[in-house]
Structure formats: structure tokens, C-alpha cells
Amino acid sequence: MNTWKRRGLFAAGAATALLAGTTALPSPAVAEDDDVRVTVDIEEIREPGVLALSIAGDSVALSEDGSTLLVRQFVGTLPTVTVTDTRTADEVPAGAAWAVVGSASDFVGNAGQAPISAGHLGWKPRLIDGGATGSVSEGEEVVTVLDEPTQPGNNVGLADQELLMSTYDSGAVAGDSYSVNADLYLRTPADVAAGAYTSTLTLSLFE
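Draft legend 1. Representation of the pattern of salt bridges in the model. Inspection of every chain in the model, using the stated rule, returns five salt bridges. Of the charged contacts in the structure, one is a salt bridge between Arg72 and Glu64, with a shortest N-O distance of 2.8 Å. By relative accessible area, Arg72 is classed as partly exposed at 27%. The class of Glu64 is partly exposed, set by a relative accessible area of 40%. Of the charged contacts in the structure, one is a salt bridge between Asp85 and Arg87, with a shortest N-O distance of 2.8 Å.

Draft legend 2. Seen up close, the sheet that holds strand β7 (residues 136-138). Overall, antiparallel pairing links the four strands, which are arranged β7-β8-β4-β11 in an open sheet. In this open sheet, the two strands that pair with only one neighbour each are β7 and β11 (201-206). Strand-to-strand twist across the sheet, computed as the mean angle between neighbouring axes with direction ignored, equals 15 degrees. Of the pairings in the sheet, the one linking strand β4 (residues 98-104) to β11 comprises six bridges and is antiparallel in character. Along β11, the bridge assignment pairs Val101 with Ser204.

Draft legend 3. Expanded view of the nonpolar core. Of all hydrophobic cores here, the largest spans 26 residues; its most connected members are Leu78, Val81, Trp98, Trp123, Leu164 and Met165. Listing elements by their share of this core, those giving two or more residues are β3 (71-85), β4, β6 (121-129), β8 (162-167) and β9 (176-189). Non-local contacts of Leu78, meaning those with residues more than four positions away in its chain, are made with Trp123, Leu164, Asn181, Ala182, Leu184, Leu201 and Leu203.

Draft legend 4. View of the pairing of β3. Pairing between strand β1 (residues 51-55) and β3: five bridges, direction antiparallel. Following the sheet pairing, Leu51 is matched in β3 by Asp85. Note: strand β2 (residues 63-64) against β3, two bridges, orientation antiparallel. Note that in β3 the partner of Ser63 across the bridge is Val75. Hairpin geometry of β2 and β3 is characterised by an intervening segment of six residues between the two adjacent antiparallel strands and by a positive phi of about 85 degrees at Gly66. Both β3 and β9 contribute to a ladder of 13 bridges, which runs antiparallel. Looking at β9, one finds that Thr82 is bridged to Ser179.

Basis of the calculations
- Just so you know, the residues in each chain are numbered from 1, in the order the chain's sequence is written.
- The predicted origin of the model limits local features to residues at a pLDDT of at least 70 and limits the giving and counting of side-chain atom pairs to 80 or more, whereas totals for whole chains, interfaces and linings rest on all residues.
- The side-chain values count all of the structure's non-hydrogen atoms but skip hydrogen atoms and water molecules.
- A pairing counts as a salt bridge when a side-chain nitrogen of Lys or Arg comes within 4 Å of a carboxyl oxygen of Asp or Glu.
- Summary of the burial criterion: residues with accessible area below 20% of their type's maximum are buried, those above 50% are exposed, and those between are partly exposed, where the area comes from a 1.4 Å probe applied to protein chains only.
- For two strands to count as paired, DSSP must find a minimum of two bridges between them.
- Helix and strand definitions here come from DSSP, where helices need a minimum of 4 consecutive H or I residues and strands a minimum of 2 consecutive E residues; each element is numbered from the N-terminal end.
- Angles here are taken between N-to-C directions and fall from 0 to 180 degrees, while the axes themselves are lines fitted to C-alpha atoms, restricted in helices to the stretch in contact.
- Working definition of a nonpolar core: buried Ala, Val, Leu, Ile, Met, Phe, Trp, Tyr and Cys residues. They are joined through side-chain atoms within 4.5 Å.
- The criterion used for residue contact is that any of the two residues' heavy atoms lie within 4.5 Å.

The values reported here are purely geometric and, on their own, carry no functional implication.
Spelled out as C-alpha cells, the structure:
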């Protein structure tokens, strides 16, 4: 029992001695302070411009107007289509040109009616804002398979990609926006089955 106490006292004494030794170290002397100023200039990130397509709406309902004894006609207006080019002329590849084209799927009935082919849907593009350069223009009218051609090969409807708006010089029209719509008309035989039909008109921008 006495031995355990002596060891404890010895340990305590050693700890005391070590602590006393550390507090006796002298503090280092500071001769002089000096500062270095650090600066940096961070420039705003400049995103490259883009060429983009937007449509002011996602649907159009055709209504009957101008039907005859032989042909029923349903008309409407394509929502405004806008091409926005935020690029500078230096960002446009040399010789580039862009175009917006459209094609429609067949009209499918909601009650099992026979489909109406996309060739029965025509359009007449109308340029709304072509800018000041005169380098943007609307596409030609595309009439339906029930019509006489107004020019060679244009009575095919919107079954394939047809031109809505284009420019022959992307660099000349960079940095601005351009818009177009179109008169739409569906022409069917007079004996077309009654009911609701739906088609999808897909617009694409190419450069």
C-alpha cells in the first residue's frame, strides 16, 4: 500500500517539474512586420452567342371556312415563329446560312376514322419581321394534294420538310431576331369522316 502511494507522488512530482520547465521558455522576439497586398482582376464570363428557335404557342385549332361542294376546307394561323441569333458576326462560320422548315404527321382520328394524310395540309408563310438587311425571307406557299400546283412540284402539302423562313447569309443577320407565321389550311374531300383529328407539325432550325 505504501509503495503505491510513493509511485503516485513521484509521478505527480515529475509532472510538476515538466510543467515548470515549459513555462520557463523565452518568447521569440519580433523584429519588424511588413505586408504584401494581393490583387486580382476577375473578368465577366462571356458566353458565346447562340442561334435559337422559339414558337409563341404549342397548338392551333383549325375551323371550317371556304368549303365547297367538292372540298371541305379548315383554316388557322401558325403561332409566330421567331429565330433569335445572339452571336456576333465573328462567331458565325464563313458561308453559313440558316433555315426553318416544317413537316406534319398524318391527321389521326380519335374514334378510329381513316387518317387524313399530311399532304392535305398546306401553308402560306408570312414574314412578320425580317430585319433591315433584306437577307431574311419567308418560304413559298405549299398547297395541298387536292390543289393545282401554283409552281412546279409544290402541291405536296406538308408531308415533307418545307421551307418556312431562311437567310442565305447568317453572318449578315447575326445579333438580331426574325419572326414569321403562316396561314394553315386543311383541304379534304367532301365525304371525309366526321370527328376530331390531330396532327403534329414539327418545326426545325438548321444551319
